[in-house]
Amino acid sequence: MLKSTRDKQVKEELAQSLQELPVPASLLQFAKDVPDMAESMPAIPARRPIRQRSRKVRFTIAAACALAVVASVGAAQVSPTFADMVKGLPGFSGVLSWLDEVRGYDGVRNARSYGYEPTEAVVKQFGDVTFGISDVYLTGDKLSYKTFVKSDEIKKNAFKRDNGYWDADWRKTTDYSFHSVDFKEAGGGGSGGFIISDDATKEPILVQNSYVDLTPQQVQDFMNKNPNELRFHVSKIQPGQQNSEFLFELSVPFNKSQWREDLIVPLHRQVEVAGDPDLPSFTLDQVKITPTNTHLDVKIGQGANHYLDFRQVGDYEGRLEPYLTDDKGNKYPLLVDRVQKMYDSAASPDEQDGNKMEFMSSPYFDPSVKRLTLHLNGFQLTEKTPSASFTLSPGEKLPKTVRFKDKQFTIVETSYKKGYLWLKIKKEHAEDSRLGIQFGIPRDLAIAYREKIEKTPELEELYRPRPGVAIIDGVARSEHPENGYFEAGIMTPEQDSYEITMMRNSNPIPLKKEITFEIRK
């Protein structure tokens, strides 16, 4: 179907959600490639998004390794550690390896090394389906947990894609979800996929890494009830159905006496961005240190027509990402960058423009760490709506030079092919793969054209995505580094003259700064 604004949002949220799933290092590149790979995958429905009354859809695609858990029918098994509970059971060595890798990314390993584990794991058998939940951690503003599902139906309908990773045919497979009962009104998300056992069973196990966003007041209200458990509703979604069916409630023992409050340090440090036409500065608002991770909140001007990405994928991966170090030389890489108000229509009323960054591990349990240093290498800036335009006539003389904010580019060739106006733009630097600009047509014209396409079978067929063909979205990019030009395809009806809109898109902004702040006296 059409390449609409929502299509772009889904793709970007897919990329973000997969960044939020910590997986073994051998899988990281796969996860980052998924948004592009998904466009050429076979037409097997993807697994439903993980939801906790979430306003941000998180799509998941199968990711790698294994588990086969045995439990007494109808009985829940509880043990201080998930590994002890299923030690020696067939197939579980694969999932233990996966858990060990993931815990190195999400801070659980660090917390457990200090004996901090206020909840216990649970495994329950329900019919021929085995359910497990582990690594349930409640912090001052988040509930996180990992879940596992094994069923005969999943095993029957699992298959390996051409890229070597596993998925299931969800047209024939029952899906399962875990939702928090104690925080049922809160929003959240997560990511997941399959791991395949490394023993003779080769059993596919569905794993999910989920979180629920909370307010400090919600957490305090929960703690005031003197809880001794955290409760989850387990539901199933039959193939072809949208509504879930409640199966049972699963309770995880919770030890309130072991629970630790977050360490919050206000910063209010302004960071200057010299020379940028849209962003003169941003603010490091506060650092929050939890038993599992270290968080840094960034604020930009309220109501801004742009957002920032500190976590980079693709061509700028690793070149701009920030990281933290402490005064003992420990490094805390960036794990997640949650952009706030990426889409104004999806934002909650109290959401602030900016970013919530989460770094791997935490100095929470080490009182000798007094200071942290933020190493800022840069970020990318994307506008939400176009901020400039120019006119282009097919017969006009080329090359044509266009100025946009702090950029100047030269169009050397234009053509109209198969429903797209193509722009060929000269490169200034051979190594660049993107211009940092997204082109389009005025919103009213785009809406009218989409409505026409929906009513015109020939046009609908023209724009139908095809395997192996990337969706065109107006972003000027270079598919081959050796080419001396960028190309941008703009979906538009053919016209005698075009008004072309422009907006900054993943525009890289290098920024070499080191900012040190005190977290303890």
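Residues numbered from 1 in each chain as written. Predicted model: local features only at pLDDT ≥ 70, side-chain atom pairs only at ≥ 80, totals over all residues. Heavy atoms only, no water.

Remarks on the overall build of the protein chain
No. 1: Helix and strand content of the protein chain: 9 helices and 28 strands.
No. 2: A buried classification covers 55% of the 521 residues belonging to the protein chain.
No. 3: Across the protein chain, contacts joining residues at least 24 apart in sequence account for 73% of those joining residues at least 6 apart.
No. 4: Of the accessible surface of the protein chain, which amounts to about 23,400 Å², a share of 49% is contributed by carbon and sulfur atoms. (Helix = DSSP H or I, 4+ residues; strand = E, 2+ residues; numbered from the N terminus. Buried < 20%, exposed > 50% of the residue type's maximum accessible area, 1.4 Å probe, protein only. Contact = heavy atoms within 4.5 Å. Areas by Shrake-Rupley, 256 points an atom, 1.4 Å probe, with all protein chains shown as cover.)

As for the confidence of the model for the protein chain
No. 1: On average, the protein chain scores 81 in pLDDT, and the residues at 70 or more come to 78%.
No. 2: Averaged over each element, pLDDT in the protein chain is lowest for helix H2 (residues 25-37) (34) and highest for strand E27 (residues 498-504) (98).
No. 3: Here residues 1-80 is modelled with pLDDT under 50, and outside its nearest four sequence neighbours on either side it reaches 250 contacts, counting other chains as well. (pLDDT = per-residue confidence, 0-100.)

Looking at helix H7 (residues 216-223)
No. 1: All of the buried residues in H7 are Val219, Phe222 and Met223. Each buried residue of H7 lies within a common arc of 95° when the element is viewed along its axis, so the set occupies one face. (Arc of directions from axis to C-beta.)

Thoughts on the environment of Gly190
No. 1: Assignment of secondary structure puts Gly190 in strand E8 (residues 188-196).
No. 2: Along the backbone, Gly190 and Val212 are 22 residues apart, and their C-alpha atoms lie at a distance of 8.7 Å.

Structural notes on the environment of Gly188
No. 1: Inspection of the secondary structure puts Gly188 in strand E8.
No. 2: The buried category is assigned to Gly188, whose relative accessible area is 7%.
No. 3: When the C-alpha positions of Gly188 and Tyr211 are compared, they lie 5.6 Å apart, and in sequence the two are 23 residues distant.

Here we look at the sheet that holds strand E7 (residues 175-180)
No. 1: Here 3 strands make up an open sheet; going across it, the order is E7-E10-E11 and the pairing antiparallel. Strands with a single pairing partner mark the edges of an open sheet, and in this sheet they are E7 and strand E11 (245-253). When the angles between neighbouring strand axes are averaged without regard to direction, this sheet yields 25°.
No. 2: The sheet contact formed by strand E10 (residues 229-237) and E11 spans 8 bridges and is antiparallel. Across the sheet, Val234 pairs through a bridge with Phe248, a residue of E11. (Pairing = 2+ DSSP bridges. Axes fitted to C-alpha atoms, helices over the stretch in contact; angles between N-to-C directions.)

Quick word on the pattern of salt bridges
No. 1: Counted under the stated rule, the structure contains 24 salt bridges.
No. 2: For Asp276, the salt bridge goes to Arg504, with nearest N and O atoms at 2.8 Å. Placement of the pair is Asp276 in the loop between strand E12 (263-272) and strand E13 (281-289) and Arg504 in strand E27, with a sequence separation of 228 residues.
No. 3: The class for Asp276 is buried, based on a relative accessible area of 13%.
No. 4: In this structure, Lys384 and Asp353 form a salt bridge, with 3.6 Å as the shortest nitrogen-oxygen distance. With Lys384 in the loop between strand E19 (371-383) and strand E20 (388-392) and Asp353 in the loop between strand E17 (331-340) and strand E18 (354-359), the pair connects residues that are 31 residues apart, well separated along the chain.
No. 5: Lys384 sits in the buried class, given a relative accessible area of 18%. (Salt bridge = Lys/Arg side-chain N within 4 Å of Asp/Glu carboxyl O.)

Concerning the side chain of Lys142
No. 1: Within the secondary structure layout, Lys142 lies in strand E4 (residues 142-150).
No. 2: In this structure the side chain of Lys142 is engaged in a polar contact, spanning 3.1 Å, whose partner is the side chain of Glu358.
No. 3: With residues near it in sequence (within four places) discarded, Lys142 still touches Tyr137, Tyr211, Val212, Leu214, His295, Arg338 and Glu358. (Polar contact = N/O pair within 3.5 Å; in protein donor to acceptor, adjacent residues only side chain to side chain.)

Some details on the side chain of Ser151
No. 1: Secondary-structure assignment places Ser151 in the loop between E4 and helix H6 (152-157).
No. 2: A polar contact is formed between the side chain of Ser151 and the backbone nitrogen of Ile154, at a distance of 3.0 Å.
No. 3: Here Ser151 is in contact with Asp128, Val129 and Glu203, once residues within four sequence places are set aside.

A look at unusual backbone geometry
No. 1: That bond from Leu398 to Pro399 is cis: its omega, 10°, falls within 30 degrees of zero.
No. 2: With respect to the helices, strands and loops of the structure, Pro399 is situated in the loop between E20 and strand E21 (400-404).
No. 3: The phi dihedral of Asn226 falls on the positive side, at around 50°, and the residue is not glycine.
No. 4: Mapped onto the fold, Asn226 is located in the loop between H7 and E10.
No. 5: Here Asn226 falls in the exposed class, since its relative accessible area comes to 55%.
No. 6: A positive phi angle, close to 50°, is found at Ser506, a residue other than glycine.

Side note on the nonpolar core
Side chains that are nonpolar tend, in soluble globular proteins, to be buried together.
No. 1: Counting 69 residues, the largest nonpolar core has Leu138, Leu143 and Phe282 as the members making the most contacts within it.
No. 2: Ranked by residue count, the leading element in this core is strand E3 (residues 129-138), at 6 residues.
No. 3: Excluding residues within four positions of it along the chain, Phe282 makes contact with Arg269, Gln270, Val271, Val273, Val298, Lys299, Ile300, Leu308, Phe310, Leu376, Phe379 and Leu511.
No. 4: Counting 21 residues, the second-largest nonpolar core is a separate cluster that includes Leu421, Ala446, Ala476 and Phe486. (Core = buried A, V, L, I, M, F, W, Y, C linked by side-chain atoms within 4.5 Å.)

Let's talk about the packing of aromatic side chains
No. 1: Inspection of every chain in the model, using the stated rule, returns 21 aromatic pairs.
No. 2: Ring plane angle 75° and centroid distance 5.3 Å describe the contact between Phe131 and Phe248, whose orientation is recorded as edge-to-face. In this pair, Phe131 sits in strand E3 while Phe248 sits in strand E11, placing the two residues 117 residues apart along the sequence.
No. 3: A residue is classified by how much of its surface remains accessible, and Phe248, at 6% relative accessible area, is buried.
No. 4: With centroids separated by 6.4 Å and ring planes inclined at 90°, the aromatic side chains of Phe390 and Phe439 adopt a geometry described as edge-to-face. Taken together, the residues span a long stretch of sequence, with Phe390 in strand E20 and Phe439 in strand E24 (residues 434-440) at a distance of 49 residues. By the burial criterion, Phe390 is buried, and Phe439 matches it.
No. 5: Each residue in the set Tyr114, Tyr116, Tyr137, Tyr364 and Phe365 is aromatic and connected to the rest through ring pairs, giving one cluster.
No. 6: Its guanidinium or amino end placed over the ring of Tyr323, Lys331 lies 4.3 Å from that ring's centre, counting from NZ or CZ. (Phe/Tyr/Trp six-rings, centres within 6.5 Å; stacked < 30°, edge-to-face > 60°. Lys NZ or Arg CZ within 6 Å of the ring centre and 35° of its normal.)

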